[in-house]
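Now for the letters of each chain:
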Amino acid sequence: MTTTLSPHEAAMDRMYRLTRHVYDLSRKYYLLGRDSLLRRMEVKAGDRVLEIGCGTARNLIKLARLHPDAQLFGLDASRQMLETAQDKVDGAGLAGQITLRPELAENLSHEKTFGLAQPFDAIFFSYSLSMIPTWPQALEAALENIPPGHCLYIVDFWDQSDLPGWFARLLQAWLRLFHVYHRPELLAYLRQWDKESKGTLTLESVARRYAYIAQFRKKAE
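Residues numbered from 1 in each chain as written. Predicted model: local features only at pLDDT ≥ 70, side-chain atom pairs only at ≥ 80, totals over all residues. Heavy atoms only, no water.

Our focus in this paragraph is helix 5 (residues 79-91). Since there are 3.6 residues in each turn of an α-helix, residues three or four apart along the chain are aligned in direction. Between its first and last C-alpha, helix 5 extends 18 Å over 13 residues, near the 18 Å set by a 1.5 Å rise per residue. Residues of helix 5 that are buried include every one of Gln80, Met81, Leu82, Thr84, Ala85 and Val89, and no others. Regarding helix 5, its N-cap is Ser78, as a side-chain oxygen of that residue lies 3.4 Å from the backbone nitrogen of Gln80 further along. Looking one or two residues past helix 5, Gly93 carries a phi angle of roughly 70 degrees, positive in sign. (Helix = DSSP H or I, 4+ residues; strand = E, 2+ residues; numbered from the N terminus. Expected span 1.5 Å × (residues − 1). Buried < 20%, exposed > 50% of the residue type's maximum accessible area, 1.4 Å probe, protein only. Polar contact = N/O pair within 3.5 Å; in protein donor to acceptor, adjacent residues only side chain to side chain.)

So this is what it looks like as structure tokens:
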């Protein structure tokens, strides 16, 4: 049966059809803070942890080595990218610990997408929200799929305001070529959640506001 892709899914497949093979090598030089986020995440034995926009599964494989008793899951809009991700997961011998699924972030359901009776204990976005045009819906879906008292984590590009202006302009222009956009409204959205007492936001900078790491702890019942 032929699967009909959404415009975003089709665009991601076109973008990554070839670049997925060199993605990890090229991105390690400018996707800063990813490993710091993985080390900061609160993960216990048996926890279910999801990465939204998992790409090549690079982060999930590293997280599996940090927490070998956790159950890890990855979701991505690009089936092309997930082919590479599955190859890497299989090659690392982690197919029993990491489960991958193709889906749009806003359509996430722990039950329908992954067949889980219980929600995720933690969900994280690593440089993916800046590529998701429906990012508010993606955040809302993520929040709905964790229990009260648990956390969403984000690492992504910030405004580079503590760096030279020419650098920020050059970086953001270059990123737009890959459909990556700095979204100041995203942090405003999270701050509004905090203001509305949906939970508590903690924010820290990476490399002088090159990027940020955000933790949003959902309000406990």
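Text resumes after the structure shown.
Right, let's talk about the pairing of strand 4 (residues 122-126) for a bit. Most of strand 4 sits inside the fold, with five of its five residues counted as buried. On strand 4, burial covers both faces: Ala122, Phe124 and Ser126 on one face and Ile123 and Phe125 on the other are all buried. Direction of pairing for strand 4 relative to strand 5 (residues 151-157): parallel, over a ladder of five bridges. Considered in strand 5, the bridge of Ala122 is made with Cys151. On the question of chirality, the crossover connecting strand 4 to the parallel strand 5 by way of helix 7 (residues 135-144) is right-handed. (Pairing = 2+ DSSP bridges. Right-handed = clockwise from strand over helix to strand, strands pointing away.)

In total, this model carries seven salt bridges according to the counting rule given. Of the charged contacts in the structure, one is a salt bridge between Asp121 and Arg48, with a shortest N-O distance of 3.6 Å. Taken together, the residues span a long stretch of sequence, with Asp121 in the loop between helix 6 (110-114) and strand 4 and Arg48 in strand 1 (residues 48-52) at a distance of 73 residues. On the basis of relative accessibility, which here comes to 13%, the residue Asp121 falls in the buried class. Under the relative-accessibility criterion, Arg48 is labelled buried at 18%. Glu196 serves as the salt-bridge partner of Lys198, at 3.8 Å between the closest nitrogen and oxygen. Under the relative-accessibility criterion, Lys198 is labelled partly exposed at 30%. (Salt bridge = Lys/Arg side-chain N within 4 Å of Asp/Glu carboxyl O.)

Among soluble globular proteins, nonpolar side chains are generally buried collectively. Within the largest apolar cluster, 36 residues are counted, with the highest numbers of intra-cluster contacts made by Met41, Val49, Leu72, Ile98, Leu100, Phe124 and Phe157. Broken down by secondary-structure element, the contributors of at least two residues to this core are helix 3 (34-40), helix 4 (58-66), helix 5, strand 3 (98-102), strand 4, strand 5, helix 8 (165-176) and strand 7 (211-218). In contact with Leu100, not counting residues within four places along its chain, are Cys54, Leu60, Gly74, Leu82, Ala85, Gln86, Val89 and Phe114. Counting 31 residues, the second-largest nonpolar core is a separate cluster that includes Leu75, Phe125, Leu152 and Ile154. (Core = buried A, V, L, I, M, F, W, Y, C linked by side-chain atoms within 4.5 Å. Contact = heavy atoms within 4.5 Å.)

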